[in-house]
Amino acid sequence: ESEEKYRKLFEEAMDAIFVADAETGILMDCNRAATELVGRAKTELIGKHQRILHAQQEIVEEGMSRTFKQHVKEREGQVLETQVMTKKGEIKEVAIKANLIELRGKKVLQGIFRDITEHKQMEKALRDSEGNYRSISKKMSGLMKSSAVLLSSTDLHKRLQTILEVVCEQGWRRAVITLKDENL
């Protein structure tokens, strides 16, 4: 009865769950969410090495993924971020929490994978937006500084020098100056 309850929880979990032999890295089981995450049927995963889940740059010595080795050795129970690769070659960002457990007399690593791709994309968009805001703010500050000098000064040389300073500070490659008042 308890195994049946565990199986139901395992299969219906919203996060992907993979179970692999801790020594060999061979996948022993996975749930429906796991097959959806990597776009592979359960039959394409069970009996295969866990490296099938990861992008090539994540594979380290002995053909194990970096996070698999870390979870087995020193980071058991910790959440580690990495990438998985779908059958179609799409890269997805994931957070993995894995624990060593004993199952039928064998040491296995049960990894719970959460797809954080969308979260990472939003973080990047926010960083980009903040960078754009800082850049615009810096440019506006320079323009306000030059406007104050330009409005308060009657010395054409000083006005042009201020414009040149702002252009250099902002890293602009060019500036167009139009003089409308012939008294300048």
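Definitions and cut-offs
Residues numbered from 1 in each chain as written. Predicted model: local features only at pLDDT ≥ 70, side-chain atom pairs only at ≥ 80, totals over all residues. Heavy atoms only, no water. Helix = DSSP H or I, 4+ residues; strand = E, 2+ residues; numbered from the N terminus. Contact = heavy atoms within 4.5 Å. Core = buried A, V, L, I, M, F, W, Y, C linked by side-chain atoms within 4.5 Å. Buried < 20%, exposed > 50% of the residue type's maximum accessible area, 1.4 Å probe, protein only. Polar contact = N/O pair within 3.5 Å; in protein donor to acceptor, adjacent residues only side chain to side chain. Phe/Tyr/Trp six-rings, centres within 6.5 Å; stacked < 30°, edge-to-face > 60°. Pairing = 2+ DSSP bridges. Axes fitted to C-alpha atoms, helices over the stretch in contact; angles between N-to-C directions.

S.K.: Explain the environment of Val108 to me, please; I cannot follow it from the model alone.
M.R.: When you line up the elements, Val108 lands in strand E5 (residues 106-115). Placed 86 residues apart in sequence, Val108 and Ala22 show a C-alpha to C-alpha distance of 4.6 Å. Apart from the residues lying within four places of it in its own chain, the contact partners of Val108 are Val19, Ala20, Asp21, Ala22, Met28, Asn99, Leu100, Ile101 and Leu103.

S.K.: Looking at this structure, how should I read the nonpolar core?
M.R.: A general trend in soluble globular proteins is that nonpolar side chains are found buried together. Counting residues in each nonpolar core, the largest one holds 19 residues, and the members touching the most others are Ala16, Phe18, Leu37, Leu45, Leu53 and Phe113. Secondary-structure elements contributing two or more residues to this core are strand E1 (16-21), strand E2 (27-30), helix H2 (32-38), strand E4 (91-103) and E5. The biggest single contributor to this core is H2, with four residues. Once you skip the residues sitting within four places of it in the chain, Leu53 turns out to touch Phe18, Leu27, Val38, Leu45, Gln83, Val84, Met85 and Phe113. In this structure, Phe10, Ala13, Val19 and Val108 belong to the second largest nonpolar core, which totals five residues.

S.K.: Help me understand the side chain of Asp21 in this model?
M.R.: Along the chain, Asp21 falls in strand E1. Owing to a relative accessible area of 7%, Asp21 belongs among the buried residues under this scheme. Polar side-chain contacts of Asp21 include one of 2.8 Å to the backbone nitrogen of Glu23. Here Thr24 takes part through its backbone nitrogen, which lies 3.1 Å from a polar atom of the side chain of Asp21.

S.K.: Is there a simple way to explain the packing of aromatic side chains in this structure?
M.R.: For any two aromatic rings, the description comes down to two numbers: the centre-to-centre distance and the angle of the planes. Per the stated rule, a full pass over the model turns up two aromatic pairs. Ring plane angle 65° and centroid distance 4.8 Å describe the contact between Phe18 and Phe113, whose orientation is recorded as edge-to-face. Taken together, the residues Phe18 in strand E1 and Phe113 in strand E5 connect sequence positions 95 residues apart. Accessibility expressed as a relative area gives 3% for Phe18, which makes it buried.

S.K.: Where do I start with the sheet that holds E2 in this structure?
M.R.: Through backbone hydrogen bonds, the strands of a sheet pair up, either in parallel or in antiparallel fashion. Taking strand neighbours across the sheet as the criterion, the five strands line up as E2-E1-E5-E4-E3 in an open arrangement whose pairing is antiparallel. Each having just a single partner strand, E2 and strand E3 (79-85) make up the two edges of the open sheet. Neighbour to neighbour, the strand axes of the sheet diverge by 35° on average, direction disregarded. Bridge count for E1 against E5 is six bridges, and the pairing is antiparallel. Residue pairing for E5: Phe18 is matched across the bridge by Gly111. Against the sheet, helix H1 (residues 2-12) touches E1, E2 and E5, its axis set at about 85° to E2. Helix H4 (residues 66-73) rests against E1, E3, E4 and E5 of the sheet, and its axis sits at about 150° to E3.

S.K.: Mind showing me how you'd approach the environment of Arg51 here?
M.R.: If you trace the backbone, Arg51 turns up in the loop between helix H3 (42-45) and H4. Under the relative-accessibility criterion, Arg51 is labelled partly exposed at 40%. C-alpha separation for the pair Arg51 and Gly63, spaced 12 residues apart in sequence, amounts to 6.8 Å. Setting aside chain neighbours within four positions, we find Arg51 in contact with Ile59, Glu62 and Gly63. There is a polar contact of 3.2 Å between the side chain of Arg51 and the backbone oxygen of Gly63.

Take it as geometry only, folks, not as evidence of what the structure does.
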